[in-house]
Amino acid sequence: MTSSDPMGVGAGRILLNGNAENADRFCQLAHDGAGPSTHRDPWHRRHDRVALIMASWGRGEAHDGPFRRRFAKMGRGEVVNIGLWRGFVRVLKERDVVKSLYDEHSDAWEQLYASYCEENDALVANLRQAWDRAQNDLGSASMHTLLTAGDRMRPGPPTRPVRQYVERGYAGRLQRHVNALVEADDRRSAAMADLWKHFHLAAGLAFDPLWHEHREMMSAALLKSSLIVLTGGDPAKLLIALRFFQLHDVLAEAVRRGATVFGSSAGAMVLGRRVVIFHDRRNPRQEFQLFDNGIGLVGGFQVFPHVNDRLQTEDPHNLAYLAARFRHRSCVGLNAGSTLGLEPRDGLWRAWSAGDDDVVIFDPTGTKRRLHPGDEL
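Residues numbered from 1 in each chain as written. Predicted model: local features only at pLDDT ≥ 70, side-chain atom pairs only at ≥ 80, totals over all residues. Heavy atoms only, no water.

Q: Now, about the sheet that holds strand β4 (residues 227–230): what can you tell me, with residues and values included?
A: What the seven strands build is an open sheet, ordered β3-β2-β4-β5-β1-β10-β11; its pairing is mixed. Either end of the sheet is taken by a strand with one partner, and the two such strands are β3 (79–81) and β11 (348–353). Between one strand axis and the next, the sheet turns through 20 degrees on average, direction left out of account. Pairing of β4 with strand β5 (residues 260–264) involves four bridges; the strand directions are parallel. What sits directly across from isoleucine 228, in β5, is valine 261. (Pairing = 2+ DSSP bridges. Helix = DSSP H or I, 4+ residues; strand = E, 2+ residues; numbered from the N terminus. Axes fitted to C-alpha atoms, helices over the stretch in contact; angles between N-to-C directions.)

Set out below in structure tokens:
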């Protein structure tokens, strides 16, 4: 019987990297993780093109010399910068109505984001206050135990240690706080999806020849490439440009044709279903928050770049909270040399550590696992 898997045999790879510090390491990790070209088209496989998506750099998108030189030394073929940000800016410049509508929707995005951040910070503050009190009163209780406790007492005799009643009370309080955060994230996700859908409909981009010209040029470059790389930088700029030209389906088709997609830092974050950020340098410090929806190329994983800098990975209670909040996906922590490799296989992912540093995986128990280079998940 013929396989019904639409990705088919020989689909490409997706590589998620934490934060390669410079162009040399970025290119090396992408090159090593991708391996020889596996493009299904023999001509494109021989030419082994590299497509650069550098919209996260905004106006600096054209400063791609270090990447071109490094990939050339590695023996890769032609390097094409698809000019994603430049195309976005050009359409806004030449279409006054589109620019006006984009500005209007951008203002709405900022208003909704500010409101969500206030709610998020308040909800996390409530959670942390409840957790501090639970630690003081219960001592040895774990976040995981309390978050997974049922809403009824465990089976037992008519009389039992009073502590169990206290534990149940704190468990319910913590669970309500985490559920409130999950619900707020879901509302944020739905609102952002609706906002972008409305912008595309209002602007009539699907019927604009200039928009189509840029999208078709970018799509052709991506579908002819064996390796597609997304640099780190500003996730907002990268998301805006990818969504503006609706390139998520093009990237999925490129992988189906055998291309490897390598994203680092912001480039890795936007490939998932949701982009979660952490403003550790703001004053006052802000908590983890849902920045926006990703493009959904990678489902089932919540990526945390710069994991050693931004997560308390030695605190199992903190890991248990994060895994419970982002419960619908596996939580993955990535550092400079960490790369999570993914290959479609019968409707699932084959996942492994594809870089030169460990990948960190953590779950609702607060348990942290390290995948050493080559280890499979």
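After that view, the rundown keeps rolling.
Q: Can you break down the packing of aromatic side chains residue by residue, with the values?
A: Taken as a whole and judged by the stated rule, the model has 17 aromatic pairs. Of the aromatic side chains, those joined through ring pairs into one cluster are Trp85, Phe88, Tyr102, Trp196, Phe199, Trp211, Phe244 and Phe245. Directly above the aromatic system of tryptophan 109 lies the positively charged group of arginine 188, at a separation of 4.9 Å from the ring centroid. (Phe/Tyr/Trp six-rings, centres within 6.5 Å; stacked < 30°, edge-to-face > 60°. Lys NZ or Arg CZ within 6 Å of the ring centre and 35° of its normal.)

Q: Report on the pairing of strand β7 (residues 289–293), specifying residues and quantitative values.
A: Where burial is concerned, most of β7 is hidden: five out of the five residues are buried. In this structure, strand β6 (residues 274–277) lies alongside β7, joined through four bridges in antiparallel fashion. Pairing of isoleucine 277 across the sheet is with glutamine 289, part of β7. (Buried < 20%, exposed > 50% of the residue type's maximum accessible area, 1.4 Å probe, protein only.)

Q: So what's going on with the sheet that holds strand β12 (residues 359–362)? Which residues, and what values?
A: Spatially, four strands are ordered β8-β9-β12-β13 in an open sheet, and the strand pairing comes out mixed. Of all strands in the sheet, those with a lone pairing partner are β8 (301–304) and β13 (368–371), marking the two edges. Adjacent strand axes in the sheet meet at a mean angle of 30 degrees, parallel and antiparallel pairs treated alike. As paired strands, β12 and β13 are joined by four bridges and run antiparallel to one another. Considered in β13, the bridge of valine 360 is made with arginine 370.

Q: Tell me about empty space enclosed by the protein, and please be specific about residues and values.
A: Applying the stated rule across the entire model yields three cavities of 30 Å³ or more. In this structure, the largest cavity spans a volume of roughly 50 Å³. Residue lining of the largest cavity: Leu16, Ala268, Met269, Leu271, Gly272, Arg274, Val298, Phe301, Gln302 and Val303, and that is the complete set. Sort the elements by how many residues they give to the lining of the largest cavity and β8 lands first, with three residues. Here the residues of the lining of the largest cavity sort into seven nonpolar, two polar and one charged. (1 Å grid on protein atoms, 1.4 Å probe; cavity = no way out; pocket = protein on both sides within 12 Å on 5 of 7 lines; lining within 4 Å. Points joined across faces, edges and corners; volume = space filled by probe spheres on them. Nonpolar A, V, L, I, M, F, W, Y, C, P; charged D, E, K, R; others polar.)

Q: Before we move on, can you summarise the packing of helix α4 (residues 84–94) against helix α8 (residues 209–223) with the specific residues and values?
A: Contact geometry for α4 and α8: axes closest at 10 Å, N-to-C directions at 175 degrees. Relative to α8, the element α4 is oriented roughly antiparallel. Listed contacts from α8 to Leu84, Gly87, Arg90, Val91 and Glu94 of α4 are Leu210, Trp211, Glu213, His214 and Met218. (Parallel < 35°, antiparallel > 145°, perpendicular 65-115°, else oblique. Contact = heavy atoms within 4.5 Å.)

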